[in-house]
Amino acid sequence: AVQKLRASGIKSGIINAGGNVFVLGAKPDGSPWRVGIQDPRNSENIVAAISVTDAAVVSSGDYERYFEESGERYHHIMNPATGKPARGVMGTTIVMNNSTDADICSTLMFVLGPEKGMELQKTLPEMDVVFINDRKEISFSDGLKGKIEFAEQEDYSINQ
């Protein structure tokens, strides 16, 4: 879709495909777009907004496709090492210049979790990441400093 828009001469816009958003260029006034990160436990709220230009912002989480049984949440992101749903993370958001790569990395980071994921992110400077763990702690990569703004949420803490 991005290639078609660019080929048509469109320089500014948003493509929203569910958890995958691509912002084309800057807003018409030249300012960056702001893309919200959904609260994994309350779809009516956002936990943060990221200011971006010409980038993909892709989220993965345990909150769209899941069911609960006996107080445990079962979701669609599987840990290949265990064959069971990945645990420890409620949501990840990736910022990259390519939506396909960001989609892959979002799921990968969800499975890796914050500690291993942040180690990997340091080897991939083209990628930034936000983690929301199951203790409602939010952590993010250094490249998002000055680009991420947090909503006032009593339930979440920021680790940085």
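It should be noted that the structure appears before, not after, this text.
A few points on the structure. (Residues numbered from 1 in each chain as written. Predicted model: local features only at pLDDT ≥ 70, side-chain atom pairs only at ≥ 80, totals over all residues. Heavy atoms only, no water.)

**Description of the packing of aromatic side chains**
And then number 1: Across all of its chains, the model carries two aromatic pairs by this definition.
And then number 2: Between Phe67 and Tyr74 the ring centres are 5.2 Å apart and the planes differ by 15°, which places this aromatic pair in the stacked class.
And then number 3: A relative accessible area of 47% means that Phe67 is categorised as partly exposed.
And then number 4: On the numbers, 5.6 Å between centres and 50° between planes, the contact of Phe140 with Phe150 is tilted. Of this pair, Phe140 sits in strand β12 (residues 137-140) while Phe150 sits in strand β13 (residues 148-150), and the two are 10 residues apart along the sequence.
And then number 5: On the basis of relative accessible area, Phe140 is assigned to the buried category, the value being 7%.
And then number 6: Given the relative accessible area of 26%, Phe150 is considered partly exposed. (Phe/Tyr/Trp six-rings, centres within 6.5 Å; stacked < 30°, edge-to-face > 60°. Buried < 20%, exposed > 50% of the residue type's maximum accessible area, 1.4 Å probe, protein only. Helix = DSSP H or I, 4+ residues; strand = E, 2+ residues; numbered from the N terminus.)

**Points about the sheet that holds strand β4 (residues 42-52)**
And then number 1: Across the sheet, which stays open at both edges, the three strands sit in the order β3-β4-β13 with antiparallel pairing between neighbours. Single-partner strands in this sheet number two, and they are β3 (33-39) and β13. The mean inter-strand angle of the sheet, taken between neighbouring strand axes irrespective of direction, is 30°.
And then number 2: By the bridge criterion, seven bridges tie β3 to β4 in an arrangement that is antiparallel. Each residue of the ladder has a partner; that of Gly36, found in β4, is Ala49. (Pairing = 2+ DSSP bridges. Axes fitted to C-alpha atoms, helices over the stretch in contact; angles between N-to-C directions.)

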